[in-house]
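Descriptive structure summary
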Amino acid sequence: MMKMLDRFRPSLPPVAMLLEAPSVLSLRVAKPGKDIQALVRHEDSVTVLVDELVLSEGGAARMADAALTRLGRPKRLSLVLGDPFFRMQILTLSDFPRHEEERQQAILWHLRKLLNVPVETLRLRYEVLQKTPGSVTLWLSLCQEEAVVALENAFASCGCEVGHIGASTVELHNLALSRGLLPEEGSALLLNRTAGYLSFLFTEGGRPVFFRCKETPPGETGEGGETRIEQELRLTLAYHRDKLGGGTLSKVLTRSHPRQIAVPLEGVLEEGIPVLDLASAAGLEGAWNPEWVPLVSLLEGN
């Protein structure tokens, strides 16, 4: 399956940043690839609004300048952003034109029916997940063009070009896939929990089949005394099982940022389903805390 990284290949720059509440994580390594050696790693706080990561123009420039100074003023870098910055979904098309411009138009036509925002304001990226004689399945990543340009301009004003811009859970999936942690047959679930959101990525045979990201304000209580997290877990698992016809999960992989945040799966999952911490299962425990895992995955080239 094609990995979700299409900029700066094969010369991925050795510098990347993760903007994901409550932190801005900056990482420079000696050389991208397996067994990366960190030269600089630094953590700052980030301001996050209710529904998405938004930095004011001046704030973004100051953040970029400070981070680039610590990283040695690189000329290129990659960015990983929290999932709410994006609208991500899996789309199956029966007609997939040969020419790229026609493909874009076909995708946008479907998106106009699915989304309640003008598609002309969005930046679109897609990857082909699966092709069959009668259809093609795509992984779509959408974000507001204005917000992306603001980030790119903030770094450009400091003399640095932003190449790859990816989502946290996408990088986690690439790591799990590269480590053979997703079963070749059957269903699995990757859970990415942060201080502000909870993302679900269901896979079949390692291939993404359903993605959902829900914002989760701390301490918010849902129906029947459940926390918002517990409610989202229960409802999304039921949707995957009952509406999508998903099979019994063979395993659940989790990542929490900050790492002390728990994912309350007890009483929600069927008994006997193994729950594994992604960092530990990928052999990163000790060297890298969970908050760094998306950057590690990216700079490994997964």
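Please refer to the structure placed before this passage.
Here's a quick rundown of the structure. Starting afresh in each chain, residues are numbered from 1 along the sequence in its written order. Owing to the predicted nature of the model, reporting of local features is limited to residues with pLDDT of at least 70; listing and counting of side-chain atom pairs is limited to 80 or more, with chain, interface and lining totals taken over all residues. Excluding hydrogens and water, the side-chain values take into account all heavy atoms of the structure.

1. Digging into unusual backbone geometry
Note the cut-off: The way it works is that DSSP assigns letters per residue, a run of H or I at least four long becomes a helix, a run of E at least two long becomes a strand, and they are numbered from the N terminus.
Between alanine 21 and the following residue, proline 22, the backbone shows a cis peptide bond with an omega angle of 10 degrees. Among the structural elements, proline 22 can be located in the loop between strand E1 (15-20) and strand E2 (23-29). A cis amide bond links histidine 257 to the next residue, proline 258, at an omega of 0 degrees. Inspection of the secondary structure puts proline 258 in the loop between strand E12 (249-257) and strand E13 (275-277). The phi torsion at aspartate 35 lies on the positive side, around 55 degrees, for a residue other than glycine. Checked against the element boundaries, aspartate 35 lands in the loop between E2 and strand E3 (38-45). Backbone geometry places arginine 73, a non-glycine residue, at a positive phi of 55 degrees.

2. Let's talk about the nonpolar core
The test is simple: As used in this record, nonpolar core signifies buried Ala, Val, Leu, Ile, Met, Phe, Trp, Tyr and Cys residues forming a set joined through side-chain atoms within 4.5 Å. When accessible area is computed with a 1.4 Å probe and restricted to protein chains, residues below 20% of their type maximum are described as buried, those above 50% as exposed, and intermediate ones as partly exposed. Only heavy atoms matter for contacts: two residues are in contact if any of them lie within 4.5 Å across the pair.
Counting residues in each nonpolar core, the largest one holds 58 residues, and the members touching the most others are Met17, Leu77, Phe155 and Leu278. Leaving out residues up to four positions away in the same chain, methionine 17 has contacts with Val24, Leu25, Ser26, Met63, Ala67, Leu71, Leu77, Ser78, Leu79, Val80, Phe155 and Leu295.

3. Here we look at the sheet that holds E13
To be explicit about the condition: In short, DSSP must find at least two bridges between two strands for them to pair. As a rule, the C-alpha atoms of each element are fitted with a line to give its axis, helices using only the stretch in contact, and angles between N-to-C directions run from 0 to 180 degrees.
Taken in spatial order, the five strands line up as E11-E10-E9-E12-E13 in an open sheet, and their pairing is mixed. Both edges of this open sheet fall to strand E11 (207-215) and E13, since each of them pairs with a single strand only. For this sheet, the mean angle separating the axes of adjacent strands, direction not counted, is 20 degrees. With three bridges connecting them, E12 and E13 associate as parallel partners. Each residue of the ladder has a partner; that of leucine 253, found in E13, is leucine 276. Each of strand E9 (187-194), strand E10 (197-204), E11 and E12 is contacted by helix H4 (residues 168-178), which is oriented at about 135 degrees to E9, the strand it contacts most. In the packing of helix H5 (residues 228-243) onto the sheet, the strands contacted are E9, E10, E11 and E12, and the crossing angle to E10 comes to about 20 degrees.

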